[in-house]
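Residue-level listing of the chains:
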Amino acid sequence: MSENASIESVLQETRTFPPPSTFSAQANIGSEEEYQELWQRAKDDPAGFWGDMAQNLSWFQPYESVMDGDMPNTKWFTGGKINVSYNCLDRHLETDRRNKAAIIWEGETGETRVLRYQDLHREVCKFANVLKGLGVETGDRITLYMPMIPELTIAMLACCRIGAVHSIIFGGFSADAVADRNNDAQAKLVITADGGWRRGKEIPLKAAVDASLEKSPSVENVVVVRRTGGDVDMVPDRDHWYHDLMQGASADCDAVELDAEHPLFILYTSGSTGKPKGVLHTSAGYLLGTTMTSKWVFDLKEDDTYWCTADIGWITGHSYITYGPLSNGASVVMYEGAPNWPDEGRFWEIVEKYQVSIFYTAPTAIRAFIKWGDQWPEKYDLSSLRLLGTVGEPINPEAWMWYHQVIGQERCPIVDTWWQTETGGIMISPLPGVTPTKPGSCARPLPGVVPDIVTEAGESLDANQGGLLVMTQPWPHMLRTLYGDHDRFLETYFSTIDGCYFAGDGARRDDDGYIWVMGRVDDVINVSGHRLSTMEVESALVAHDKVAEAAVVGFPHEIKGEGICCFVTLKGDDGTDELKKELIQHVREQIGALATPDQIRFAASVPKTRSGKIMRRLLRDIAAGRESTQDTTTLEDYTVLAKLRAEEE
Ligand code: PRX
């Protein structure tokens, strides 16, 4: 893309769906005027606006100022003392919510556990005392590598109760990935489980932790929750069973009064270079953002049963399973397993069983549901649903229509929520009682969010011109830094467009001001709604002793959104099918199952421009084109292609 050019957008979608009047009549934000007024106020007077919103939180000590300093170094609520765990638990105990279900958990194997707010509070207090007993202090980093069980939420809230900083690693990452993250965060303790259930199989989490600890010496203790009952090796003095420690723990543990900007958690995410970035969020701003966006976008009400199907290992689970909903005192469904276990009706069975009213999932899941067929949702009563949401990648308009018709039965508004690990909470989304929705568009910015679409030179583009999506104003729930690397933080997000936050997406605005996100413009690929850097996969491949060079690109994939295609140049060997399998396994070991390559193609050389840059666009064309051809082409041909292309330039 040349500096001033816009990106071409090809999607044309003209259908609109106004919110049902019955929904608007009861909604937390119920009219266009109210939205406009909130949005304008937040733009013109952000300190006044967010100061008013902060009244929704419970403070130990009031702040002196709402915001100090310009983006990217804005500090929020200076002087204020707060505790996130207190806001998610203790304050509800003074109300009727004390007996309300906080977590309604369903195991993959069919069991149910319900923790009322007072139960959750008690468990969190006990576990916070356990952590203290193991020497954990305010500011220490704790790795959580756990299945989707209530103990994960308990561990998160116990960390923030005492000011420890959690770093949650999705259970699909490998031992090596855990070690890298432990080392980067200098984690002192790991909380894990013997294993987790996934499609009837046990994922051996503790074994992966054991392997990771050979390479991450900062970890002193490991706490292990018994979940599957599988065999594990317990290392004396280092490893402790959760249930043993909890038995003797006191349920008395005051929440520590922490500075508003006290670090809350680190969450590693992929960027366009090989090394994962430790996105750091802090206490008050993040809590405020997730609390308010949950109210606005999910229209949370006291009697809702809310279910977000994400894994807590991703930002969606942090913000919209744990912090946002619990701060609002909601009843949250949490499901441990896969959507197609024991059969493809499992999600809809859960909706019926718990009378779920708000359902939030990902486009990749919706595409899988479509493939599995309407007979599955049709078997169940979905009439309890009143609101649907999506997150993670652009939703194809046809998948949106299916979601609207088959799951929402044309009754439920759909909120297509655009945001990122770095933004902490939802930024651009319809308001379900206000915004007429258009399939495939995440609609308009929420109050407090002031986006623009610009050229690479930073000039605002007119309607219907694609460009870079940026944020022009700071917001309380934005990341504060990349852990241990503030320069990389400045360089990654604030050096592309002067004075603006940019995290890699292209988008356009239509004539109604609706935003249509077109996907990443950097070397990040979005596989099933999960970010992976092409460089990360390349580094993993090059670490194999037979590989000389690798180039990795995404290609369109029916279910995953994008698949992973690897062009690999070998040091000497011939490329065999055996070696392909070995390389796929190698990437899984280095990064995890989520990075499993879909295609490995051996190449005599990786095509590069004269200046030595990998010709990714060409490789992307080749990767996508392969769908219709046989796997007989040799990479010699690609090299020839590359040479031809290079000569044309
Ligand atoms: O490309 C955008 C896409 O997901 C990226 C953020 O990924 P991650 O930090 O893993 O967070 C995912 C969950 C919040 C974005 O840069 N993305 C996320 N939501 C949408 C989306 N693309 C289009 N529409 C969305 N609703």
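Because the structure is predicted, anything quoted here is derived from the model rather than measured.

1. Structural notes on the nonpolar core
- Membership of the largest hydrophobic core comes to 156 residues, with the highest contact counts inside it found for Phe127 and Phe298.
- Residues from two domains meet in this core; each of domain 1 (120-259) and domain 2 (524-648) gives at least three.
- Dropping the residues within four chain positions of it, Phe298 is found in contact with Thr293, Tyr306, Tyr320, Ile358, Tyr360, Arg386, Leu387, Val415 and Ile426.
- Residues Ile104, Trp376, Leu388 and Ile414 belong to the second largest nonpolar core, which totals 31 residues.

2. Concerning a negative patch on the surface
- Together, Asp545, Asp573, Asp574, Asp577, Glu578 and Glu582 give the surface a local cluster of negative charge.
- Topologically, Asp574 is positioned in the loop between β29 (561-570) and α18 (577-590).

3. Overview of the sheet that holds strand β24 (residues 501-509)
- Spatial strand order, β21-β22-β24-β25: 4 strands in an open sheet with antiparallel pairing. Two strands in the sheet have a free side with no partner beyond their single neighbour: β21 (451-454) and β25 (515-520). Between one strand axis and the next, the sheet turns by 45° as a mean value, whatever way the strands run.
- Bridge count for β21 against strand β22 (residues 467-471) is 4 bridges, and the pairing is antiparallel. Across the sheet, Val454 pairs through a bridge with Leu468, a residue of β22.

4. What to know about the site of the ligand
- Taken together, 17 residues lie around the ligand, and Asp416, Thr417, Gln420, Thr421 and Arg531 are the ones closest in.
- Contact distances for the ligand include 3.4 Å between a nitrogen atom and a backbone N or O atom of Glu393.
- A distance of 2.8 Å separates an oxygen atom of the ligand from a polar side-chain atom of Gln420.
- Burial of the ligand by the protein amounts to 96% of the accessible area it has alone, namely 550 Å².
- At the level of elements, α11 (315-327), β20 (414-417) and β25 are the ones that each hand at least two residues to the shell around the ligand.
- Considering only residue class, the shell around the ligand consists of 6 nonpolar, 6 polar and 5 charged.

5. Topic: the pattern of salt bridges
- The final tally for this structure, using the stated rule, is 36 salt bridges.
- The residue Asp176 makes a salt bridge to Lys215 at a minimum N-O spacing of 2.8 Å. With Asp176 in helix α7 (residues 175-185) and Lys215 in the loop between α8 (205-213) and β11 (221-225), this pair connects stretches of sequence that are 39 residues apart.
- Judged by relative accessible area, which is 21%, Asp176 ranks as partly exposed.
- With a shortest N-O distance of 2.7 Å, Lys206 and Asp210 are connected by a salt bridge.

6. Quick look at the sheet that holds strand β5 (residues 112-116)
- Strand order in the open sheet formed by 7 strands is β5-β4-β17-β16-β18-β19-β20, and the pairing between neighbours is mixed. Either end of the sheet is taken by a strand with one partner, and the two such strands are β5 and β20. Strand-to-strand twist across the sheet, computed as the mean angle between neighbouring axes with direction ignored, equals 20°.
- As paired strands, strand β18 (residues 358-361) and strand β19 (residues 387-391) are joined by 4 bridges and run parallel to one another. Along β19, the bridge assignment pairs Thr361 with Thr390.
- Against the sheet, helix α5 (residues 117-133) engages β4 (101-106) and β5, with an angle of about 85° to β5.

7. Points about the packing of helix α2 (residues 32-44) against helix α3 (residues 46-53)
- Relative to each other, α2 and α3 sit at 120°, their axes nearing to 5 Å. Judged by the inter-axis angle, α2 sits oblique to α3. Between α2, through Leu38, Arg41, Ala42, Lys43 and Asp44, and α3, the contact on the second element is made entirely by Pro46, Gly48, Phe49 and Asp52.

8. Points about the pairing of β24
- Burial of β24 is extensive: 8 of the 9 residues sit out of reach of the surface.
- The pairing of β22 with β24 spans 4 bridges and is classified as antiparallel. Paired with Val470 across the two strands is Phe502, which belongs to β24.
- In this sheet, β25 lies alongside β24 in antiparallel orientation, the contact comprising 5 bridges. The residue bridging Arg509 from the neighbouring strand is Ile515, located in β25.
- Hairpin connection between β24 and β25: a loop of 5 residues separates the two successive antiparallel strands, and Gly513 in this loop has a positive phi of roughly 80°.

9. Digging into the packing of aromatic side chains
- Per the stated rule, a full pass over the model turns up 38 aromatic pairs.
- Each ring, one from Phe170 and one from Trp314, has its centre 4.7 Å from the other, and the planes form 35°; the classification is tilted. In this pair, Phe170 is assigned in the loop between β7 (165-168) and α7 and Trp314 in the loop between β16 (305-308) and α11, connecting sequence segments 144 residues apart. In terms of burial, Phe170 and Trp314 fall into one category: buried.
- Look at Trp307 and Tyr335: their rings are 6.4 Å apart centre to centre, the planes differ by 85°, and that puts the pair in the edge-to-face class. Highlighted residues: Trp307 in strand β16 and Tyr335 in strand β17 (residues 331-335), separated in sequence by 28 residues. We note that Trp307, like Tyr335, is buried.
- An aromatic cluster is built from Trp307, Tyr335, Phe347, Trp348, Phe359, Phe369, Trp372 and Trp402, whose rings are joined through pairwise contacts.
- Over the ring of Phe173 we find Arg181; its NZ or CZ atom is 4.4 Å from the centre of that ring.

10. Digging into α18
- Taking 1.5 Å per residue, 14 residues should reach 20 Å; α18 reaches 20 Å between its end C-alpha atoms and fits that length.
- Of all the residues in α18, the buried ones are Leu579, Lys580, Leu583, His586 and Val587. Burial along α18 is one-sided: seen end-on, the buried residues are contained in an arc of 120°. Of the exposed residues in α18, the ones pointing more than 90 degrees away from its buried face are Asp577, Glu578 and Lys581.
- Its buried side turned inward, α18 meets α17 (534-542), β28 (547-557), β29 and β30 (599-602).

11. Remarks on α5
- The first and last C-alpha atoms of α5 sit 24 Å apart over 17 residues, in line with the 24 Å expected at 1.5 Å per residue.
- With 13 of 17 residues buried, α5 lies mostly within the body of the structure.
- Phi turns positive, to about 90°, at Gly135, one or two residues after α5.

12. Some words on the environment of Ala365
- By the secondary structure assignment, Ala365 is in helix α13 (residues 363-372).
- By relative accessible area, which is 15% here, Ala365 ends up buried.
- Sequence spacing of Ala365 and Ala164 is 201 residues, and the spatial spacing of their C-alpha atoms is 34 Å.

Parameters and conventions
Residues numbered from 1 in each chain as written. Predicted model: local features only at pLDDT ≥ 70, side-chain atom pairs only at ≥ 80, totals over all residues. Heavy atoms only, no water. Core = buried A, V, L, I, M, F, W, Y, C linked by side-chain atoms within 4.5 Å. Buried < 20%, exposed > 50% of the residue type's maximum accessible area, 1.4 Å probe, protein only. Domains from an automatic or database assignment. Contact = heavy atoms within 4.5 Å. Patch = residues over 30% accessible without salt bridge, like charges linked within 9 Å, V, L, I, M, F, W, Y side chains within 5 Å. Areas by Shrake-Rupley, 256 points an atom, 1.4 Å probe, with all protein chains shown as cover. Salt bridge = Lys/Arg side-chain N within 4 Å of Asp/Glu carboxyl O. Lys, Arg positive; Asp, Glu negative; His and termini not counted. Charge placed at Lys NZ, Arg CZ, Asp CG, Glu CD. Helix = DSSP H or I, 4+ residues; strand = E, 2+ residues; numbered from the N terminus. Pairing = 2+ DSSP bridges. Axes fitted to C-alpha atoms, helices over the stretch in contact; angles between N-to-C directions. Near = heavy atom within 4 Å. Polar contact = N/O pair within 3.5 Å; in protein donor to acceptor, adjacent residues only side chain to side chain. Nonpolar A, V, L, I, M, F, W, Y, C, P; charged D, E, K, R; others polar. Parallel < 35°, antiparallel > 145°, perpendicular 65-115°, else oblique. Phe/Tyr/Trp six-rings, centres within 6.5 Å; stacked < 30°, edge-to-face > 60°. Lys NZ or Arg CZ within 6 Å of the ring centre and 35° of its normal. Expected span 1.5 Å × (residues − 1). Arc of directions from axis to C-beta.

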